[in-house]
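Here is how the chains run, residue by residue.
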Amino acid sequence: MNTSTGRGELVEVDAKMWRTSDGERLVPDGDPDAAFLYCTPGMQVPRAEAERYRLLGDSDDHSAEPEPDGKAAQAPPNKARSPRRK
């Protein structure tokens with residue numbers, strides 16, 4: 001879920017993540033390098049931070065190729081199953 005504020009766009013995270021002691025990385029819950037709690041599921045963090053720490057999944061990743069315009073191509077008919085003849 002994304003929301004927009006005057007300070008920038010926020011994104012909702014879905015995992016408990018911790019900062020390392022040097023503050024350079026985020027690690028998942030239970031990692032031996034975990035030092036400081038950064039976020040819990042359902043929290044909203046600035047998009048810039050989420051991008052920095054690569055918290056965005058493929059669905060929120062804006063660096064991915066854009067979707068093509070128009071409808072998706074239809075699947076070809078299943079030739080193995082032909083209509084019944086009368």
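Please refer to the structure placed before this passage.
Conventions and cut-offs
- Residues numbered from 1 in each chain as written.
- Predicted model: local features only at pLDDT ≥ 70, side-chain atom pairs only at ≥ 80, totals over all residues.
- Heavy atoms only, no water.
- Helix = DSSP H or I, 4+ residues; strand = E, 2+ residues; numbered from the N terminus.
- Buried < 20%, exposed > 50% of the residue type's maximum accessible area, 1.4 Å probe, protein only.
- Areas by Shrake-Rupley, 256 points an atom, 1.4 Å probe, with all protein chains shown as cover.
- Pairing = 2+ DSSP bridges.
- Axes fitted to C-alpha atoms, helices over the stretch in contact; angles between N-to-C directions.
- Phe/Tyr/Trp six-rings, centres within 6.5 Å; stacked < 30°, edge-to-face > 60°.
- Salt bridge = Lys/Arg side-chain N within 4 Å of Asp/Glu carboxyl O.
- Core = buried A, V, L, I, M, F, W, Y, C linked by side-chain atoms within 4.5 Å.
- Contact = heavy atoms within 4.5 Å.

J.: If you had to explain the overall build of the chain to someone new, which residues and values would you point to?
T.: Scanning the chain from terminus to terminus reveals one helix and six strands. Shown N-terminal to C-terminal, the secondary structure of the chain runs as helices and strands in the order β-β-β-β-β-β-α. Counting all 86 residues of the chain, 17% fall into the buried class. Surface summary for the chain: the accessible area is close to 7,500 Å², and the carbon and sulfur share equals 48%.

J.: So what about the sheet that holds strand S5 (residues 34-39)? Which residues, and what values?
T.: Ordered by their spatial adjacency, three strands build an open sheet running S4-S3-S5, and the pairing between neighbours is antiparallel. Strands at the two margins of the open sheet, each flanked by one partner only, are strand S4 (26-28) and S5. With strand direction ignored, the average angle separating the axes of adjacent strands in the sheet is 45°. Note: strand S3 (residues 17-20) against S4, three bridges, orientation antiparallel. In the strand pairing of S4, methionine 17 is matched with proline 28.

J.: Please give an account of the packing of aromatic side chains that cites residues and values.
T.: Under the definition given, this model contains one aromatic pair. Consider the rings of tyrosine 38 and tyrosine 53, whose centres lie 5.5 Å apart with planes at 65°: the pair is edge-to-face. Separated by 15 residues along the polypeptide, tyrosine 38 in strand S5 and tyrosine 53 in the segment after helix H1 (47-52) bring together distant segments of the chain. Both residues of the pair, tyrosine 38 and tyrosine 53, count as buried.

J.: Provide a residue-level description of the pattern of salt bridges, including the pertinent values.
T.: Following the criterion strictly, the structure yields four salt bridges and no others. Put simply, arginine 47 and glutamate 9 hold a salt bridge, and the shortest N to O gap is 3.1 Å. With arginine 47 in helix H1 and glutamate 9 in strand S2 (residues 8-12), this pair connects stretches of sequence that are 38 residues apart. Across the salt bridge formed by arginine 19 and glutamate 49, the nearest N and O atoms sit 3.7 Å from each other. With arginine 19 in strand S3 and glutamate 49 in helix H1, this residue pair connects regions lying 30 residues apart in the sequence. In this structure glutamate 49 comes out as partly exposed when scored by relative accessible area, which is 23%. Via salt bridges that share partners, Glu9, Arg47 and Glu51 belong to a single interconnected network.

J.: So what's going on with the nonpolar core? Residues and values would help.
T.: Val11, Val13, Met17, Leu26, Tyr38, Cys39, Val45, Ala50 and Tyr53 together form the largest nonpolar core, which totals nine residues. Those residues within four positions of valine 45 in sequence are excluded, and the remaining contacts are Glu9, Leu10, Val11, Val13, Tyr38, Cys39 and Ala50.

Nothing here speaks to function; it is geometry throughout.
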